[in-house]
Amino acid sequence: MAILNVLTFPDDRLRTQAKPVSQVDDSIRTLVADMFETMQAEKGVGLAATQINVHKQVIVMDVSDDQDTPLVFINPKIDAQSGTKINEEGCLSVPNNYAKVERAETVTVTALDAQGEQFTITAEGLLAVCIQHEMDHLQGKLFVDYLSPLKRQRIMKKLEKEARLAAKA
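Basis of the calculations
- Residues numbered from 1 in each chain as written.
- Predicted model: local features only at pLDDT ≥ 70, side-chain atom pairs only at ≥ 80, totals over all residues.
- Heavy atoms only, no water.
- Helix = DSSP H or I, 4+ residues; strand = E, 2+ residues; numbered from the N terminus.
- Pairing = 2+ DSSP bridges.
- Axes fitted to C-alpha atoms, helices over the stretch in contact; angles between N-to-C directions.
- Contact = heavy atoms within 4.5 Å.
- Buried < 20%, exposed > 50% of the residue type's maximum accessible area, 1.4 Å probe, protein only.

(A) Structural context of unusual backbone geometry. Of the consecutive residues Phe9 and Pro10, the connecting peptide bond is found in the cis state with omega at 15 degrees. Within the element layout of this structure, Pro10 appears in the segment before helix 1 (26-41). Its identity as a non-glycine residue notwithstanding, Lys43 has a phi of 60 degrees, on the positive side. Here Lys43 is to be found in the loop between helix 1 and strand 1 (46-48). A positive phi angle, near 55 degrees, is found at Asn75, a position not held by glycine. Inspection of the secondary structure puts Asn75 in strand 3 (residues 71-91).

(B) A look at the sheet that holds strand 3. Read across the sheet, five strands follow the order 1-2-3-4-5 without closing on themselves; strand pairing throughout is antiparallel. Of all the strands in the sheet, the pair left with one neighbour each is strand 1 and strand 5 (118-124). Geometrically, the sheet is characterised by an average inter-axis angle of 40 degrees between neighbouring strands, direction not taken into account. Examined bridge by bridge, strand 2 (residues 58-61) and strand 3 share four bridges and lie antiparallel to one another. Across the sheet, residue Val58 finds its bridge partner in strand 3, namely Ile74. Packed onto the sheet, helix 2 (residues 125-138) meets strand 1, strand 2, strand 3, strand 4 (94-112) and strand 5 and runs at close to 115 degrees relative to strand 3.

(C) Up close: the environment of Thr30. By the element assignment, Thr30 lies in helix 1. Classification of Thr30 by relative accessible area gives partly exposed; the value is 46%. As a C-alpha pair, Thr30 and Ala114 span 84 residues in sequence and 9.6 Å in three-dimensional space.

Now the structure itself:
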């Protein structure tokens, strides 16, 4: 397993639309394992392959308190959604920035697991938010896209400044 580099906003590669996985094989299972290791090292609850510059429809997440309930979504599709809820979101690709985003309160998703078996899950709460957030990544969309242009610009300038300071250190 390997800890991979997480792309950060405003990197254009985060805007790439992921392609469906044609076959769940050992290379995909290795990708999933590396993604879980990366997500845990970064102290995240979800990670889309797009965030590590792999443009395949693969998501890993674990929203449990003890990080002992890993979930894998390959080629996920939202079948149904209901309600709306505003939650504060953050993102490994937009580090140390949080904002309120409106999302569906409940979602039903069909996907493949790491063995290539299809499953359907109905999620609410943090899991529903995380699924929608990570699925946005597969479409090249970030949570900052839900914000006003001014807020998005402030976050971008802050991250660019942090990157410049880190480069000098």
